[in-house]
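Residues per chain are reported as follows:
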Amino acid sequence: MKYILVLMIGLGIYSCKTEASKLTIENPVDQLHLSRIDAMPNLPKPFKIIDFHQIAKDYDRLVYDPNQTGMYWPLIWKDNSRKNVDQETYGIYTAMGDVRQGIAHYDGIFHESLASIGSVLGGSLVGVDKSNQNGENYTGMLKNYFNSETKWDIMMNNTCPEVAQLGGGYARDWWYDVYPNVMFYAVADFYPNENGFEPILRSVADKFYEADAVLNGDYGYSFFNYATMEPTKNWICAQEDVAAGHAYVLYAAYQKFNDPKYLEAAKSSLEALLNLEENRFYEILMPFGAYVAARLNAEEDTNYDYSKILDWTFDGTSVCRKGWGVLVDNWNGYDISGIVGSTVDHGGFGFLMNTYDTMWPLVPMVRYDQRYANAIGKWMLNAANASRLFYPNEIPDEHQTIPEEKAHTKGVIAYEGLIKKAHYEQYEHIEAPVAIGDGMHWNKDNPKVSQFSVYGSGHVGIAGAIISKTNVDNILQLDLLATDFYKSEAHPSYLYYNPNPEVKAVTISTGEQELKIYDAIQRAFIAENVIGSFIFNVAKEHSALLIFVPQKAVISEKSGKLYADEVVIDYHYKSKA
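For clarity, every value in this text was computed on a predicted model and none was experimentally measured. (Residues numbered from 1 in each chain as written. Predicted model: local features only at pLDDT ≥ 70, side-chain atom pairs only at ≥ 80, totals over all residues. Heavy atoms only, no water.)

### Focus on the pattern of salt bridges
Item 1. Applying the stated criterion to the full structure yields 24 salt bridges.
Item 2. Here Arg295 and Asp484 are joined by a salt bridge, their closest N and O atoms 3.7 Å apart. Taken together, the positions of Arg295 in helix H9 (residues 286-299) and Asp484 in the loop between strand E17 (476-479) and strand E18 (493-498) put the pair 189 residues apart, joining distant regions of the chain.
Item 3. You can call Arg295 buried: its relative accessible area is 2%.
Item 4. Since its relative accessible area comes to 0%, Asp484 is described here as buried. (Salt bridge = Lys/Arg side-chain N within 4 Å of Asp/Glu carboxyl O. Helix = DSSP H or I, 4+ residues; strand = E, 2+ residues; numbered from the N terminus. Buried < 20%, exposed > 50% of the residue type's maximum accessible area, 1.4 Å probe, protein only.)

Listed below in C-alpha cells is the structure:
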C-alpha cells in the first residue's frame with residue numbers, strides 16, 4: 001500500500017505518491033465540540049495579539065531586579081527568616097503597594113508562592129535560567145515553601161503558619177495548598193539537578209499518594225491536613241476538583257521516578273473526579289484533570305471519557321463556586337470571551353492568572369487527543385486576544401479604574417481582573433470592560449495601586465512560551481510541547497487554527513534540519529525534504545497539527561500508535577483495512 005505526500009504551496013496543492021510504508025493515511029480525525037467555545041466569536045474584535053514572550057522577558061528582568069527605582073519598586077525583597085530550610089529566600093509582592101509585604105512588614109515573611117514559584121516558572125518557560133540569575137539561585141530559594149516545620153511536608157503558598165492570618169489561603173483553602181505543588185513540579189522539570197529538589201518531589205508525591213488513599217474517592221472537603229492525614233470541612237465549600245491536582249502531580253511523579261504506585265494513585269485521583277455527578281470547579285485545578293485523562297488514555301491505554309471535565313471547565317455551572325468557568329460575552333464592543341473566572345459575579349469577572357494557567361494544561365492536551373484541536377485552537381485565539389485588555393497600556397483609559405497610576409507598572413504589571421460592573425462604589429460609573437483588581441479587598445489599608453497584580457502577571461511566561469504569531473494575523477502557532485512537562489521524547493509539535501471563512505496559506509520557519517511534516521489531524525505526511533521554511537494551507541474554521549519529523553526517521557505503526565523511529569508522533573493513529 002502507499003501513503004500520499006501532499007506538498008501545499010501558497011494556495012495550490014501538489015500531490016504525489018511515494019512507496020514508503022504500508023500505512024494508510026486517508027483517515028482524518030473527527031473534531032469534538034464544546035458548546036461554550038462554539039458560542040465564542042470566530043473573529044474576536046477589536047483584535048490584537050500582543051507579544052507575550054517579550055512581556056514575560058521584560059517582567060522577569062524588571063521584577064527580579066532589586067535595584068529598580070520608582071514608587072512601589074522594587075517588587076522583590078530578601079527574607080532571612082530561614083523558615084523550613086536554613087537559607088535566605090525572597091519574596092515577590094502579591095500586588096503593587098501591598099501593605100502586608102516587603103522587608104519592612106512582618107519581618108518580610110509574608111510572600112506567596114503563587115507569585116514566586118509562578119514567576120520562576122514563567123521566566124523559565126521563556127528561557128531565563130532562574131538558577132543562576134545575576135548571581136542568585138532563585139530556583140533553589142523556592143525550597144523554603146516546603147513546609148517541613150509544620151510536618152505537612154509539601155510545598156505551600158506561604159513559608160509558615162504565622163502569616164496565615166495575613167492572607168494567602170494557607171491551610172484552610174485546599175487549592176492554595178495543592179497548586180503550589182503543581183507549579184513546583186513544573187519548575188523542577190526545568191532544573192532536574194537542583195540540589196535538594198528530589199527529596200521534596202518524593203515527599204510531595206508520597207503525601208498525595210497517602211492522602212488519596214485516605215480520601216478513598218471522596219474529595220468533598222474544604223482542605224486536607226497533610227500532617228495528620230485528616231480531611232476537614234470549614235466555611236469554604238468542598239473542592240472536589242483538587243483531585244485533578246493530585247492526579248497531575250502523581251502522574252508527573254510516576255514519569256520522574258517510575259514508581260507504579262504513583263501511577264495507580266494518579267488513576268485513583270482522576271477517577272474520583274470523573275465519578276462526580278455535578279460540576280465542582282473551584283479555582284484552577286479542573287482543567288488539569290482533562291490533561292491527565294488525555295495523557296493516560298494516550299500513554300497508558302486507559303479509556304477515560306473526560307468530556308464532562310472540559311464542559312465543567314468552560315460552562316460556568318459550578319455548584320461550589322457558583323458560575324466559575326470561562327466567560328463568553330461582548331461588553332460594549334469588546335469581545336472578552338475566553339478569559340477564566342466568574343461568569344456571574346457583577347455580570348462577569350475574569351482573572352489574568354486563571355486565564356494564563358488554564359492554557360498550561362489544555363494546549364498540550366491536544367497533543368494527546370487531537371479531537372479537540374479546533375475547540376482549543378478557537379478558545380486560545382479568543383483568550384489571547386482578550387488577555388491584552390488586562391494590561392493598562394492595551395485598554396483605553398476610560399475602561400480602567402486607575403489609569404493615572406499605570407506608569408508604575410512599567411508595562412509589565414497588569415490589572416488582576418476584568419469585570420462587567422465594578423464592585424467598588426467609586427468605580428461603578430466606568431463602562432465595561434472594567435480593568436480592576438482586588439488588592440483593596442484583601443486589606444483595607446492597601447493603596448488603589450494594589451489593583452495591579454504582580455502575582456498574576458508573573459504567569460505570563462505560560463502564554464509567552466505557547467503563543468507565537470504567523471504571517472496570518474489571526475492564525476497563531478501554539479507550541480504543544482512548551483507546557484507538557486515530564487513528557488517522553490517528542491518532536492516539535494504545533495497547533496494552527498484558522499478562524500477565517502476561507503482557506504488560508506500559512507508560512508512558518510522550520511529550521512535548518514531536513515524534515516518531513518506530519519499533520520496529526522489529517523493523519524498524513526504533507527511534505528518531505530523541508531528546510532528553512534514551509535507554506536501550507538489550513539481549511540476554513542479548521543486546524544492543522546504539525547509535527548516536524550527528521551527526514552530520515554523510519555515511520556512505523558505499533559499498537560495503534562505511529563512512530564518516527566522510537567518517538568510517538570500520533571497516539572491515536574488508526575489504519576484503514
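### Observations concerning the sheet that holds strand E14 (residues 434-436)
Item 1. On the basis of which strands lie adjacent, the open sheet formed by five strands has the order E7-E10-E11-E13-E14 and antiparallel pairing. Here the strands that pair on one side only, and so sit at the sheet edges, are strand E7 (324-326) and E14. Mean inter-strand twist for the sheet, computed between neighbouring axes without regard to direction, equals 30°.
Item 2. Pairing between strand E13 (residues 417-419) and E14: three bridges, direction antiparallel. (Pairing = 2+ DSSP bridges. Axes fitted to C-alpha atoms, helices over the stretch in contact; angles between N-to-C directions.)

### A short note on the state of the cysteines
By definition, a disulfide links the sulfur atoms of two cysteines through a covalent bond.
Item 1. One pass over the structure, following the stated rule, counts one disulfide.
Item 2. Two residues, Cys237 and Cys320, share a disulfide whose sulfurs are 2.1 Å apart. Here Cys237 and Cys320 share a disulfide; its torsion about the S-S bond, 70°, makes the bridge right-handed. Taken as a pair, Cys237 in the loop between strand E6 (230-232) and helix H7 (242-257) and Cys320 in the loop between helix H10 (307-315) and E7 lie far apart in primary sequence, 83 residues in all. (Disulfide = S-S within 2.5 Å.)

### Digging into the sheet that holds E18
Item 1. With respect to topology, six strands assemble into an open sheet ordered E16-E17-E18-E21-E19-E20, the strand pairing being antiparallel. Only two strands of the sheet have a single neighbouring strand rather than two, namely strand E16 (467-469) and strand E20 (524-538). Geometrically, the sheet is characterised by an average inter-axis angle of 30° between neighbouring strands, direction not taken into account.
Item 2. In this sheet, strand E21 (residues 542-550) lies alongside strand E19 (residues 504-519) in antiparallel orientation, the contact comprising five bridges. Residue Tyr518 lies in a different strand from E21, and its bridge partner there is Ile547.

### Some points on empty space enclosed by the protein
Item 1. A complete count under the given rule lists four cavities of 30 Å³ or more for this structure.
Item 2. Empty space within the largest cavity amounts to approximately 90 Å³.
Item 3. What lines the largest cavity is a set of 13 residues, among which Arg367, Ile547, Val568, Ile569 and Asp570 lie closest to the centre.
Item 4. Elements supplying a minimum of two residues to the lining of the largest cavity: helix H11 (352-368), E21 and strand E24 (567-570). (1 Å grid on protein atoms, 1.4 Å probe; cavity = no way out; pocket = protein on both sides within 12 Å on 5 of 7 lines; lining within 4 Å. Points joined across faces, edges and corners; volume = space filled by probe spheres on them.)

### Considerations on the packing of H9 against H10
Item 1. For the pair H9 and H10, interaxial distance at closest approach is 9 Å and the crossing angle is 155°. By the angle between their axes, H9 is roughly antiparallel relative to H10. Crossing geometry of H9 relative to H10 is assigned as left-handed. Every residue of H10 that contacts H9 at Met286, Pro287, Gly289 and Ala290 is listed here: Ile309, Leu310, Trp312 and Thr313.
Item 2. Of the residues contributing to the contact of H9 with H10, the split by class is six nonpolar, two polar and no charged. (Parallel < 35°, antiparallel > 145°, perpendicular 65-115°, else oblique. Left-handed = near helix turned anticlockwise from the far one by under 90°. Contact = heavy atoms within 4.5 Å. Nonpolar A, V, L, I, M, F, W, Y, C, P; charged D, E, K, R; others polar.)

### Considering the nonpolar core
Item 1. One finds Trp360, Trp379 and Ile467 to be the most contacted residues of the largest nonpolar core, which totals 191 residues.
Item 2. The residues touching Ile467, leaving out its near neighbours within four places in the chain, are Ile49, Phe52, Met359, Met380, Ala384, Leu476, Gln477 and Leu478.
Item 3. In terms of nonpolar packing, the next biggest core, distinct from the first, is built from 18 residues, Ala527, Phe534, Leu546 and Phe548 among them. (Core = buried A, V, L, I, M, F, W, Y, C linked by side-chain atoms within 4.5 Å.)

### Section: the pairing of E19
Item 1. Two strands pair when backbone bridges link them, and E19 and E20 are joined in this way by 11 bridges, in the antiparallel orientation. The residue bridging Ala505 from the neighbouring strand is Asn537, located in E20.

### Let's talk about the environment of Ala293
Item 1. Relative to the assigned elements, Ala293 resides in helix H9.
Item 2. On the accessibility criterion, Ala293 (0% relative accessible area) is buried.
Item 3. Along the primary structure Ala293 and Tyr304 are separated by 11 residues, whereas in three dimensions their C-alpha atoms are 6.2 Å apart.
Item 4. With near-sequence residues (within four places) excluded, Ala293 lies in contact with Leu270, Tyr304 and Tyr306.

### With respect to the layout of surface pockets
Item 1. Estimates place the volume of the largest pocket at around 780 Å³.
Item 2. Among the secondary structure elements, those contributing two or more residues to the lining of the largest pocket are helix H5 (174-190), strand E11 (349-351), H11 and helix H13 (439-442).
Item 3. Grouping the amino acids of the lining of the largest pocket by side-chain chemistry returns 13 nonpolar, eight polar and nine charged.
Item 4. Taken as a whole, the second largest pocket holds about 330 Å³ of empty space.
Item 5. Along its surface, the second largest pocket is lined by 22 residues, and Asn297, Asn303, Asp369, Arg371 and His572 are the ones closest to its centre.
Item 6. With three residues, the single largest contributor to the lining of the second largest pocket is H9.
Item 7. Of the residues in the lining of the second largest pocket, the class split is nine nonpolar, six polar and seven charged.

Bear in mind that shape data such as this cannot, by itself, settle questions of function.
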